[in-house]
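# An overview of the molecular structure
Residue-level listing of the chains:
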Amino acid sequence: MRAKDLVTTAISNTFRSKLRTTLTVLAIFVGAFTLTLTNAVGAGVSQYVDAQVGALGSPDVFIITQASDATTAGDGPVTYDPKSSASVSSQQGPPGTTTKALTDSDLTKIGETAGIVSVDPVRAVQPDYIEYGTGSQYEFSINATSAVTTADLTAGAQLDGGASDAQLVLPDTFVTPLGFASADDAVGASVSIGITDILGAKHTVQATIVGVSLESLLAAGAGANDALIAELADAQSGGIATAVTSYGVAVAHFDTTLSADAVTALKADLATQNYTARTIADQLGAVQTVINGIVGVLNAFAVIALIAAAFGIINTLLMSVQERTREIGLMKAMGMSSGKVYTLFSLEAVVIGFLGSAIGAGVAIGLGSALSAVLSQGLLSGLPGLNILLFEPASVAFVILLVMAIAFLSGTLPAQRAAKQNPIESLRYE
Amino acid sequence: MDSEWVIDAQGLEKSYGSGTSRFDALKGVSVQIAPGETVAIVGKSGSGKSTLMHLLALLDEPDKGSLQVAGTDAKSLSKRAVNELRNKEFGFVFQQFFLTPNRSVLDNVILPLKIAGIGVKERRGRGMEVLEQLELADKAGNKATTLSGGQKQRVVIGRALVNAPRVIFADEPTGNLDTATGAVVEDILFELNRSQGITLVIVTHDEELAARCDRQIFIRDGLVVSHAGPTHTGAHALHTPEALTTAGGAA
Ligand SMILES: Nc1ncnc2c1ncn2[C@@H]1O[C@H](COP(=O)(O)OP(=O)(O)OP(=O)(O)O)[C@@H](O)[C@H]1O
Ligand SMILES: [Mg+2]
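Below or above, wherever it landed, is the structure these notes cover. It should be emphasised that the depicted structure is a prediction, and the values quoted were computed from it without experimental measurement. Throughout this document, residue positions are counted from 1 along each chain, in the order its sequence is written. The order in which chains are written sets their letters, starting at A; the order in which ligands are written sets their numbers, starting at 1. Only residues with pLDDT of 70 or above have their local features reported here, since the model is predicted, and side-chain atom pairs are shown and tallied only from 80 upward, although totals for entire chains, interfaces and linings are computed over all residues. Hydrogens and water are ignored here; the side-chain numbers use all heavy atoms of the structure.

### Things to note about the overall build of chain A
Under the DSSP-based scheme used, a helix requires at least four consecutive residues in state H or I and a strand at least two consecutive residues in state E, with every element numbered from the N terminus. Helices and strands together make up the secondary structure of chain A, namely 11 helices and 13 strands. Burial here depends on accessible area, computed with a 1.4 Å probe over protein chains only, as a share of the maximum for the residue type. Under 20% is buried, over 50% is exposed, and the range in between is partly exposed. Within chain A, the proportion of its 430 residues that are buried is 44%. In chain A, 81% of the contacts between residues at least 6 apart in sequence involve partners at least 24 apart. Throughout, the Shrake-Rupley method with a 1.4 Å probe supplies accessible areas, and for residues the shown protein chains are the sole cover considered. Element-wise, carbon and sulfur atoms account for 61% of the exposed surface of chain A, whose accessible area totals about 20,400 Å². Residue contacts are counted whenever heavy atoms from the two residues lie within 4.5 Å of one another.

### Some thoughts on the pairing of strand β4 (residues 64-69) of chain B
Residues and elements named next belong to chain B. Both strand β1 (residues 7-16) and β4 contribute to a ladder of 5 bridges, which runs antiparallel. Residue pairing for β4: Ile 7 is matched across the bridge by Val 69. Pairs of strands are assigned from DSSP output, requiring at least two bridges between the strands. Pairing geometry for β4 and strand β5 (residues 72-73), over 2 bridges, is antiparallel. Residue pairing for β5: Gln 68 is matched across the bridge by Asp 73. The hairpin turn running from β4 into β5, its antiparallel successor, is 2 residues long, and Ala 70 in that turn takes a positive phi close to 50°.

### Focus on a nonpolar patch on the surface
All names here are of chain A. Patch rule: a residue counts if its relative accessible area is over 30% and it has no salt bridge; like charges are joined within 9 Å, and nonpolar side chains (Val, Leu, Ile, Met, Phe, Trp, Tyr) within 5 Å. Here a salt bridge means any side-chain nitrogen of Lys or Arg lying within 4 Å of a carboxyl oxygen belonging to Asp or Glu. Taken together, the side chains of Val 290, Ile 294, Val 297, Leu 298, Phe 301 and Ile 304 define a hydrophobic patch exposed on the protein surface, amounting to about 570 Å² of accessible area. Relative to the helices and strands, Ile 304 is located in helix α7 (residues 280-323). Given the relative accessible area of 54%, Ile 304 is considered exposed.

### Things to note about the interface of chain B and chain A
When the parts of a complex come together, some accessible area is lost, and that lost area is often used as the size of the interface. Between chain B and chain A, the contact holds 24 residues from the first and 23 residues from the second. With both sides pooled, the region where chain B packs onto chain A buries about 2,100 Å², and carbon together with sulfur makes up 57% of that total. Three residues, Phe98(B), Arg103(B) and Ile115(B), lead the burial of chain B against chain A; their summed loss comes to 27% of the area buried on that side. One salt bridge in this structure joins Arg123(B) and Asp5(A), with 2.6 Å as the shortest N-O distance. What qualifies as a polar contact is a pair of N or O atoms within 3.5 Å, subject to a donor-acceptor requirement within protein and to the restriction that residues adjacent in sequence count only when both atoms come from side chains. At the junction of chain B and chain A, the tally comes to 9 residue pairs in polar contact (both at pLDDT 80 or more). Each residue receives one of three labels: charged for Asp, Glu, Lys and Arg, nonpolar for Ala, Val, Leu, Ile, Met, Phe, Trp, Tyr, Cys and Pro, and polar for the others, Gly being one of them. In terms of residue class, the side of chain B that touches chain A is made up of 10 nonpolar, 8 polar and 6 charged. Summed over both partners, buried area is the accessible surface (1.4 Å probe) that two parts give up on being assembled.

### Some words on the layout of surface pockets
Residues and elements named next belong to chain B. Throughout, the protein atoms alone are placed on a 1 Å grid, and a set of points is a cavity if a 1.4 Å probe fits but cannot get out or a pocket if it is open with protein on both sides within 12 Å along at least five of seven lines; lining residues have an atom within 4 Å of a point. Grid points are joined across faces, edges and corners, and a volume is the space filled by probe spheres set on the points. Its volume calculated, the second largest pocket comes out at about 600 Å³. Every residue lining the second largest pocket is counted, 26 residues in all, and those nearest its centre are Leu 58, Glu 61, Lys 79, Val 82 and Arg 86. Among the elements that line the lining of the second largest pocket, the one with the most residues is helix α2 (residues 79-89), at 4 residues. The residue makeup of the lining of the second largest pocket, split by class, is 10 nonpolar, 8 polar and 8 charged.

### A short note on the sheet that holds strand β10 (residues 223-224) of chain B
Residues and elements named next belong to chain B. On the basis of which strands lie adjacent, the open sheet formed by 6 strands has the order β6-β7-β8-β3-β9-β10 and mixed pairing. The open sheet has two edge strands, β6 (90-93) and β10, and neither has a second partner. With 5 bridges joining them, strand β3 (residues 38-43) and strand β8 (residues 199-204) adopt parallel strand pairing. Looking at the pairing, Ala 40 lines up with Ile 202 of β8. Only C-alpha atoms enter the line fits that serve as axes; for helices the fit covers just the stretch in contact. Angles between N-to-C directions range over 0 to 180 degrees. Contacts from helix α6 (residues 149-161) reach β6 and β7 (167-171), with the element oriented near 165° to β6.

### Let's talk about the pattern of salt bridges
Residues and elements named next belong to chain B. Evaluation of the coordinates by the stated rule reveals 14 salt bridges over all chains. Note that Glu 129 and Arg 126 form a salt bridge whose closest N and O atoms lie 3.0 Å from each other. Remark: Arg 126 and Glu 129 occur in helix α5 (residues 120-133); sequence separation between them is 3 residues, near one turn of the helix. For Glu 129, a relative accessible area of 49% translates into the label partly exposed. When its relative accessible area of 23% is taken as the criterion, Arg 126 is described as partly exposed. A salt bridge links Arg 194 to Glu 191, with the shortest nitrogen-to-oxygen separation between them at 2.9 Å. With Arg 194 and Glu 191 both in helix α7 (residues 179-196), this residue pair falls 3 residues apart, about one helical turn. Among the residues examined, Arg 194 registers a relative accessible area of 62% and is labelled exposed. Of the residues examined, Glu 191 reaches a relative accessible area of 37% and is grouped as partly exposed.

### What about the site of ligand 1?
What surrounds ligand 1 is a group of 15 residues, the closest being Ser45(B), Gly46(B), Lys49(B), Ser50(B) and Thr51(B). If even one non-hydrogen atom of a residue comes within 4 Å of a molecule or strand, that residue is called near it. Neighbouring residues of ligand 1 are distributed over chains A and B. One of the side-chain N or O atoms of Ser45(B) is found 2.5 Å from an oxygen atom in ligand 1. For ligand 1, an oxygen atom lies 3.1 Å from a polar atom in the side chain of Gln95(B). When ligand 1 sits alone it has 630 Å² of accessible area, and the protein chains cover 72% of it. Of all the elements in the fold, those that place two or more residues in the shell around ligand 1 are α11 (423-428) of chain A together with β2 (23-33) and α1 (49-56) of chain B. In terms of residue count, α1(B) provides more of the shell around ligand 1 than any other element does, 3 residues in total. A class-by-class count of the residues in the shell around ligand 1 yields 3 nonpolar, 7 polar and 5 charged.

Here it is as structure tokens:
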């Protein structure tokens, strides 16, 4: 028998007992449907987290703070030293701890550490509002680390760190309230940012919108380049130079050619100098681990469903072999080899597997896409950019192939039985 | 060349089961079948006719004895070669129809060609040719289950014929049919022998059908018996016992 004939025969045999095939296919459908959905959830959430990582910063960046164990309880009070004892109540530290601030001398020390390319303080600025033309004023905040982040843009371009003009990346929720027709319309516009200095005087600073971004879960607020941050910080300080400049956090770029081990060594090196250095991956690693764990458990359930379905395939095919004993005997009598008989029944298993998985994956994609669209408008509208179900062609194809492989394995036993049949015995069979 | 295409069986023995339930179905049978002849294997029920036919058609292997096909020892043939031989050189009509119920008549007829790996077009053409020959062309698209008994048996003959075999083995080809329909089927078989030179090996307990064959091999209790014949059909149809068989195990 030719390969093509084997396949077409297997397909038509599959439809001979329609009810039985349908029920078996249904069992596989459930497994494939679930597996496709759980994979999609995993992919969707991972993609979202990746986008959030991008929003938090580039991969070659450390977020550096003073190690908080410098003042451990039990050591008693530390003697005040005006040079180093600048303390800021930083939002960067865990709740309930006070993070010691970084001073200029700390920055110098960090900058001199081998492997660090550059280090910049993060200057927190607190603008009051944003205004476009003579429209309404809206409360507004700026993400202090935005200069080193990659925004999840819907229009325009990323911030240009080296530019001398003040640039802004606007969260897309501001587009309509500020009076822009669309995100594209906002790009290039000049807006005023209002800020109050430490003496209570109000100032405005002009900035150009270079891009519009989706609001990020982990890095809220608008993006501003170094020039705009500097301008706002100057306005905020009201022209008073504080004796010791202090920063809660610094951002350090490290050598991009460093290996993962070298990065770890560099972190250790900074730790011995009493600085805590964390990459973005460190900060999000825990989140990702939890998500992977949940997706893994869901996948395990789907695989259990598939294993149950595999027994359905075995059962169906055993019945089919039993029913078709004479037909098998006849084909063997007419010179069909045992190998071809084996192939024929294995292919029937694979066809059943393919039907179940293709329909399961198809329905999962259809329903899932609809559900995803509804959720992103409703329940999950607070997480813009989150596509809770992301169907990647490769993973859908993987699910289908996996199910077909399981079906093939299930077909082994019945196919072996069919192949082993003695033609004479089969033809004698009543 | 064709004249050498002989099936030559010597001292075939076959038993079923083992121990006390052991049953010797054939106890040493020697038979030769020459190209183009029609041979009847005759005997009572349970005498071992089907068993002998299965051995001759390489569907089963004897416990003892040798079988040569066209000068080659069957034991020396690979499984593949045996399959090929059955597929290309033999046609089968079994005691029951063994038609695949939900397939069309044409699909049933072309099954051997499909197994042989012949292309769709050619097997359709050849299948229709055979159905026309058997006056079943108008039923080609029908489901096999919708046919009458006689029509079914003609489809079975078509299936045996479609690969243009040298030998057709027929086990009780008329057993399931009434006398009139049976006669039609017999006529078809003998016509095939006459016009296409196909060798016929027919297992039957119908003495009239046996008498129409060139030669009869009488089997009783697993042995070829050199005497005995249907008394009422008369000896005119029978060769001398010596010509009938080489009485291998009959002594
Ligand atoms: N698989 C088997 N196991 C045990 N005994 C068997 C088997 N096949 C055949 N036999 C026995 O061998 C003997 C010969 O069987 P065979 O089928 O050759 O008879 P037959 O001459 O074709 O009879 P019938 O005319 O009824 O078809 C019978 O007694 C039968 O019971
Ligand atoms: Mg019989």
